[in-house]
Amino acid sequence: MGREWLRGAATHPMRKTIVLHIGASKAGSSSIQAFIRRNRFVLARLGYAVPDVSLATGDRITGDHVFALEALAKDRNASGLRDRIDAVFDGARPNTRAVLLSAENLSNLGNSALIEGLAAHYDLRIVIYLRRQDELLTSAWQQWASKVETDFHAWLILALKQFGHWDKVLAEWEAQAGPAAMVVRVFDRESFVGGDLLRDFVDAMGLGEHTDAFDYQQSDSNKSVSDAVTMMVAGNRNIFADVHDNRFYAGLNDLTGDALVEKQKLSLLTKAQRDKIIEFYRPVNEAVCRKYFRGRSRLFPHVDHEKYRYLSGDQLFDEKLRVVMTIVAALVKDRRR
């Protein structure tokens, strides 16, 4: 299926490896990080050390290193990253041959500078999953942008320039890590090893021969409520402190269970808008496909419009009313307990 592009890695027998999962955002990173946390002892036995949230050898291992790496990237502190990795290797088990880091924000343009010069000291393996841009944008709106922005379509104009330009992202990381380090995958079930993201990630890490050693049980780590809710609360600073504030949505899910979690996603885009976005990114995706997925006819599958609920204005009003009454009903039941 052309699921991966990886040239023969030019490894050095005496050097250790950094495996860096850089996302991309909205491409299964929460599931991958939960998997890393759950399997940290298996990984340790196989020689892969997982640092704690501060990139040290403490006990608070969550599987993600987003905020620690974000701080270093903001300061362009490549030497600081190397110092922390050196310390992790120094404090790790004797059998440790690799350090595993995961931070989906690193796939944002400009963040590859964080590993400047690192390839001179360690072998690198850069793992990235690419998601089709229409889904990337609408998911990014719900999880982050809608907490501080009020108008989806106004935000989208700028987002089209900023996100989903996979050709630029990959070129940037390849320039820092070298072409042999790049492991590029498509975020699509049909492209995964065994049709499973987590088994695919094990393979992407270079541990495919140990695939049966891991626990693949998944939890619903990132339940997304209906975008009818997103539309009603977008940009409300009385609800959200910043783009990372998930307390409101977590509270809604605690209150309503799965009642606001969609089986068929309500589309913020019309069919025509979705098709136009896909056409906008077509040159980008064709270039990436030619370079990293030779023999594959296209980077992403054709859009299946049946996956989405496209609502008229009246239907959307009815959907918002249904959501409000679902919340009211949950509050009444909660009060009667």
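Residues numbered from 1 in each chain as written. Predicted model: local features only at pLDDT ≥ 70, side-chain atom pairs only at ≥ 80, totals over all residues. Heavy atoms only, no water.

**Regarding the pattern of salt bridges**
- Counted by the stated rule, this structure contains 18 salt bridges.
- Note that Glu135 is salt-bridged to Arg131, the shortest N-O span being 3.5 Å. Per residue, the accessibility class of Glu135 equals that of Arg131, and both read buried.
- A salt bridge links Arg185 to Asp200, with the nearest nitrogen and oxygen atoms 3.0 Å apart. (Salt bridge = Lys/Arg side-chain N within 4 Å of Asp/Glu carboxyl O. Buried < 20%, exposed > 50% of the residue type's maximum accessible area, 1.4 Å probe, protein only.)

**Observations regarding the nonpolar core**
- Membership of the largest hydrophobic core comes to 43 residues, with the highest contact counts inside it found for Leu81 and Ile126.
- When residues of this core are traced back to their parent elements, those giving at least two are β2 (17–21), α3 (66–74), α4 (78–91), β4 (98–102), β5 (123–130), α7 (166–177), β6 (182–186) and α12 (282–292).
- Dropping the residues within four chain positions of it, Ile126 is found in contact with Leu20, Ile22, Ile115, Trp173, Ala177, Ala181, Met182 and Val183.
- Counting residues in hydrophobic clusters, the runner-up holds 26 residues, among them Ile32, Ala98, Phe201 and Phe214. (Core = buried A, V, L, I, M, F, W, Y, C linked by side-chain atoms within 4.5 Å. Helix = DSSP H or I, 4+ residues; strand = E, 2+ residues; numbered from the N terminus. Contact = heavy atoms within 4.5 Å.)

**Observations regarding the packing of aromatic side chains**
- The final tally for this structure, using the stated rule, is 16 aromatic pairs.
- Ring centres 5.5 Å apart and planes at 40 degrees place the aromatic pair Phe35 and Phe214 in the tilted group. Here Phe214 lies in the loop between α8 (197–205) and α9 (227–233) and Phe35 lies in helix α1 (residues 29–38), a separation of 179 residues in the sequence. Comparing Phe35 with Phe214 shows no difference in burial state: the two are buried.
- Three or more aromatic residues joined by ring pairs form one cluster here, namely Phe35, Phe201, Phe214 and Tyr216.
- Over the ring of Tyr216 we find Arg199, and its NZ or CZ is 4.0 Å from the ring centre. (Phe/Tyr/Trp six-rings, centres within 6.5 Å; stacked < 30°, edge-to-face > 60°. Lys NZ or Arg CZ within 6 Å of the ring centre and 35° of its normal.)

**Regarding unusual backbone geometry**
- Between Gly23 and the following residue, Ala24, the backbone shows a cis peptide bond with an omega angle of 5 degrees.
- Position of Ala24 among the secondary structure elements: in the loop between β2 and α1.
- The backbone of Lys26 sits at a positive phi, close to 60 degrees, despite the residue not being glycine.
- Within the fold, Lys26 resides in the loop between β2 and α1.
- Look at Lys26 and you get buried, because its relative accessible area is 18%.

**Describing helix α13 (residues 313–336)**
- If you check α13, its first and last C-alpha atoms are 35 Å apart, about what 24 residues at 1.5 Å a residue would give, namely 34 Å.
- Of all the positions in α13, only Leu316, Glu319, Val323, Thr326, Ile327 and Ala330 are classed as buried.
- Each element contacted by the buried residues of α13 is listed here: α9, α10 (247–256), β7 (265–266) and β8 (308–309). (Expected span 1.5 Å × (residues − 1).)

**Some remarks on the environment of Lys223**
- Tracing the chain through its elements places Lys223 in the loop between α8 and α9.
- By relative accessible area, which is 35% here, Lys223 ends up partly exposed.
- The spatial distance from the C-alpha of Lys223 to the C-alpha of Leu69 is 25 Å, given a sequence separation of 154 residues.

**A look at the packing of α1 against α8**
- Following both chains from N to C, one finds α1 and α8 inclined at 70 degrees, their axes separated by 10 Å at the closest point. One way to sum up the angle between α1 and α8 is to call them roughly perpendicular. Mapping the contact onto sequence places Ser31, Ile32, Phe35, Ile36 and Arg38 in α1 and Leu197, Leu198, Phe201, Val202 and Met205 in α8.
- A per-class count over the contact of α1 with α8 returns 8 nonpolar, 1 polar and 1 charged. (Axes fitted to C-alpha atoms, helices over the stretch in contact; angles between N-to-C directions. Parallel < 35°, antiparallel > 145°, perpendicular 65-115°, else oblique. Nonpolar A, V, L, I, M, F, W, Y, C, P; charged D, E, K, R; others polar.)

Without other data, these values stay purely geometric and don't point to any function.
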